[in-house]
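Structural overview
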Amino acid sequence: MIWGRVVSLVNGAAEPTPPDGAGSSEYVRGIRSVRFTSRVLSINESPRRGDTVVDLAGARILPGLINAHDHLELNHYGRLKFRESYPNAVDWIDDMRRHLADTTVREQQRHPLTERLFIGALKNLLSGVTTVAHHNPRYSELRRTMPIRVVRRYGWAHSFAMEHGPAGARGEPGGEVAQRWRRTSADVPFFVHLAEGIDTAAAAELTRLDELGCLGPNTLAVHGVAIDAAGFQRMVETNAGLVWCPASNVFLFGRTANVRHLLDASNGTPPAVALGSDSRLTGANDMLDELRAAHATRLASADELFDMVTVNAARMLRVRHAGRLIVGQPADLIVIPNTAPDEAASVLAARRRDVSLVVVGGRPLIGTPGLAQLFHARGVNTRQIEVDGAARLADSGLVRRIEGCPIAEPGVTWS
C-alpha cells in the first residue's frame, strides 16, 4: 500500500463534443483533471487544500490501455518465421518446432520463466498498457513483481490443432476446447485461438466451435482471420467476441480478419471487438505499434480502435475497473501529449517515448522528469532511465528489476 498525498492532475486537454454516434457512449472523453490516491477520488473537479497539484499544460489524461491478447513469456525472442507466408498457424508452429534446436532459440528458452514474463509485462507498461490478458496458464510467477495488472479470472484452450500438444511454457497441453469451455464459469472470459489462417481448415473452425455449443457471451475468439461475414453475424447472434491481432496476422498470412463485418453487424450495440498485440514472436513491438497497424488496415476508425483498447476490452475481459476512469475505482491512468484533434488520434500518433506518465493503482511507475513532484507525493523513490532516447523517471524498484533481469528490453537504458 502506498502512503502518500492526494495528487491532482490539472489542465488536461479538453475534448470537443463528438458528433452523434461517434465514439463510445461508455467513456467520458476529455478529462481535464483527476484527483487520485490509489483510487480515483474525483474527475473534472478542482483541487483541494493539501493536494499535490500537477499542471499538465494541455496533455491528455487517459485510462490505462488494455492489451486483450499476449503470450507474456514469448516477447524476448523477436519476430520469427521461416517462410514468406503460411496457410495456417499450425504450419508456423511446425516450423518453430523444427527450429527449437537452433542456438539462438535454445539460448532464449533457457531464461527463467519469471524473467520472461517480466519482460512481457515491461513491454506493455512502456506503451501505456496497465492491464493485459495472458493466453496461457496463470503461472504462479505472474503474482511476483509484475508491474501491471494481468487478468486473473479466465478460461483458456490454445486451439483445436493444439488440444493435445504442448502449448504452455512448461509443456502444458493446449487442452480440449469443448471440455475447457464447459469448465469455465460463464462470468469469466474464455480465450481460444480460432480461424488463425487462410485455408479451409481455418475457415471451418468457427462452425466447429458453434456445433460444440461453445460459442457464447464469454467466448473470445483470438485472430479470426478466416471468419467470413456470415460467421461474424453468427458471433453477434451469440454475443461472442473477437480479439483482433492484425500485425501478427499480416506477418504470418499476409492478411487479417475483416473486422468491419463484425463492427457493422453489431448494429449500434457496443461491438465485441478488442485489440491484442500478441507476442513479439509474430506481433507488433507494442500496443501503440499495434494500434497503428490496425489503423493502416482501414477496417476501423480511430474512435473504434480507441474503444478496442479501453471500454470494449474491459467489458469483454470482465475487468470492469479498467478501460475508463471511474470515481472509487483503481487509479490506472496514462498521460500522453496532445498532438491531434482528439484522444483517439493522439493515441494513434504516440510512440512509447511519448508516453509521459503511467500510473497503476495510484503508483506512478514511469514519467517525464518534470513530474518528479508527483512521484514524491505518492511516496515513490525514482531513478533515471531512458526509453528510446527519451529521459524518464521510473520507480526505483522497477529499475532494480530491469537491472537484475538477464533479458535486455531493447531501447531501455539506465545509469
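Here, the structure is the one placed above.
Let me begin by describing the structure that accompanies this report. Quick caveat, the model's predicted, so the values are computed rather than measured.

The secondary structure content of the protein chain amounts to 15 helices and 19 strands. For 415 residues, the compact-globule estimate of 2.2 N^0.38 gives 22 Å, and the C-alpha radius of gyration of the protein chain, at 21 Å, lies within 12% of that figure. Along the first, second and third principal axes, the C-alpha set of the protein chain runs to 65 × 55 × 35 Å. When burial is assessed residue by residue, the protein chain has 59% of its 415 residues classed as buried. Of the contacts formed within the protein chain by residues at least 6 apart in sequence, a portion of 71% connects residues at least 24 apart. Accessible surface computed for the protein chain: about 16,600 Å², of which carbon and sulfur atoms make up 49%. Separation between the mean location of the 47 positive side-chain charges and that of the 44 negative ones in the protein chain comes to 7 Å.

So, on to the environment of H76. Counting through the fold element by element, H76 comes out in the loop between β6 (65–70) and α1 (89–98). Residue H76 is classed as buried on the basis of its relative accessible area, which comes to 10%. When residues no more than four places from it in sequence are discounted, the contact partners of H76 are Q108, H111, R116, I119 and I407. A polar atom in the side chain of H76 sits 3.5 Å from the backbone oxygen of E73.

Taking every second residue as pointing to the same face, both faces of strand β12 (residues 241–244) are buried, with G241 and V243 on one and L242 and W244 on the other. Summarising the sheet, strand β11 (residues 219–223) and β12 pair through three bridges and their orientation is parallel. Residue pairing across strands places L220 opposite G241, the latter belonging to β12. Viewed along the sheet, the connection from β11 through helix α7 (residues 229–238) into β12 turns out right-handed. By the bridge criterion, three bridges tie β12 to strand β13 (residues 273–275) in an arrangement that is parallel. Counterpart to L242 in the pairing with β13 is V273.

What follows is about the packing of helix α3 (residues 113–126) against helix α15 (residues 396–404). Taken N-terminus to C-terminus, the directions of α3 and α15 make an angle of 130°; their axes are 11 Å apart at the nearest point. With respect to each other, α3 and α15 are oriented oblique. Like other packed secondary-structure pairs, α3 and α15 cross with a definite hand, here left-handed. Where α3 abuts α15, its residues T114, E115, F118, L122 and L125 lie against L398, R401 and I402. A class-by-class count of the residues in the contact of α3 with α15 yields five nonpolar, one polar and two charged.

This paragraph deals with the sheet that holds β11. Taken in spatial order, the five strands make up an open sheet running β9-β10-β11-β12-β13, and their pairing is parallel. The open sheet has two edge strands with one neighbour each: β9 (155–156) and β13. As defined by bridge partners, β9 adjoins strand β10 (residues 190–194) across two bridges and the pair is classed as parallel. Paired with W156 across the bridge in β10 is F191.

For any pair of aromatic rings, the description rests on two quantities: the centre-to-centre distance and the angle between the ring planes. Scanning the model with the defined rule gives one aromatic pair in all. Just above the ring of F251 sits the side chain of K81; from NZ or CZ to the centre is 4.4 Å. Its end group placed over the ring of W156, R180 keeps NZ or CZ at 4.6 Å from the ring centre.

Taken as a whole and judged by the stated rule, the model has 20 salt bridges. Close ionic contact of R98 with D95 constitutes a salt bridge, the shortest N to O distance being 2.4 Å. Remark: D95 and R98 occur in helix α1; sequence separation between them is three residues, near one turn of the helix. When the shortest N-O distance is used, the salt bridge between R401 and E115 registers 2.8 Å. Residue R401 is located in helix α15, and its partner E115 is located in helix α3; the two are separated by 286 residues in the primary sequence. The pair R401 / E115 is uniform in exposure class, with both members buried. One continuous salt-bridge network, built from bridges that share partners, spans R280, R352, D388 and E409.

Grouped together as the largest cluster of nonpolar side chains are 77 residues, with contacts concentrated most on W244 and L291. With eight residues, the single largest contributor to this core is α3.

Sheet architecture is open: three strands sit in the order β6-β7-β8, paired in parallel fashion. The outermost strands of the open sheet, each flanked by one partner alone, are β6 and β8 (149–150). Here four bridges tie β6 to strand β7 (residues 129–134), and the two strands are oriented parallel to one another. Bridge pairing links N67 to V132 in β7. Lying on the sheet, α3 is in contact with β6 and β7; it crosses β7 at an angle near 135°.

By the secondary structure assignment, K123 is in helix α3. A distance of 2.8 Å separates polar atoms of two side chains, one belonging to K123 and the other to N75. K123 has contacts with D70, N75, S277, D278, S279, R280, N285, D286 and E409, leaving out every residue within four places of it along the chain.

Checked against the element boundaries, A133 lands in strand β7. For A133, a relative accessible area of 1% gives the class buried. Sequence separation between A133 and L291 is 158 residues; the distance between their C-alpha atoms is 17 Å.

About the criteria used
- Residues numbered from 1 in each chain as written.
- Predicted model: local features only at pLDDT ≥ 70, side-chain atom pairs only at ≥ 80, totals over all residues.
- Heavy atoms only, no water.
- Helix = DSSP H or I, 4+ residues; strand = E, 2+ residues; numbered from the N terminus.
- Rg over C-alpha atoms; globule rule 2.2 N^0.38 Å.
- Buried < 20%, exposed > 50% of the residue type's maximum accessible area, 1.4 Å probe, protein only.
- Contact = heavy atoms within 4.5 Å.
- Areas by Shrake-Rupley, 256 points an atom, 1.4 Å probe, with all protein chains shown as cover.
- Lys, Arg positive; Asp, Glu negative; His and termini not counted.
- Charge placed at Lys NZ, Arg CZ, Asp CG, Glu CD.
- Polar contact = N/O pair within 3.5 Å; in protein donor to acceptor, adjacent residues only side chain to side chain.
- Pairing = 2+ DSSP bridges.
- Right-handed = clockwise from strand over helix to strand, strands pointing away.
- Axes fitted to C-alpha atoms, helices over the stretch in contact; angles between N-to-C directions.
- Parallel < 35°, antiparallel > 145°, perpendicular 65-115°, else oblique.
- Left-handed = near helix turned anticlockwise from the far one by under 90°.
- Nonpolar A, V, L, I, M, F, W, Y, C, P; charged D, E, K, R; others polar.
- Phe/Tyr/Trp six-rings, centres within 6.5 Å; stacked < 30°, edge-to-face > 60°.
- Lys NZ or Arg CZ within 6 Å of the ring centre and 35° of its normal.
- Salt bridge = Lys/Arg side-chain N within 4 Å of Asp/Glu carboxyl O.
- Core = buried A, V, L, I, M, F, W, Y, C linked by side-chain atoms within 4.5 Å.

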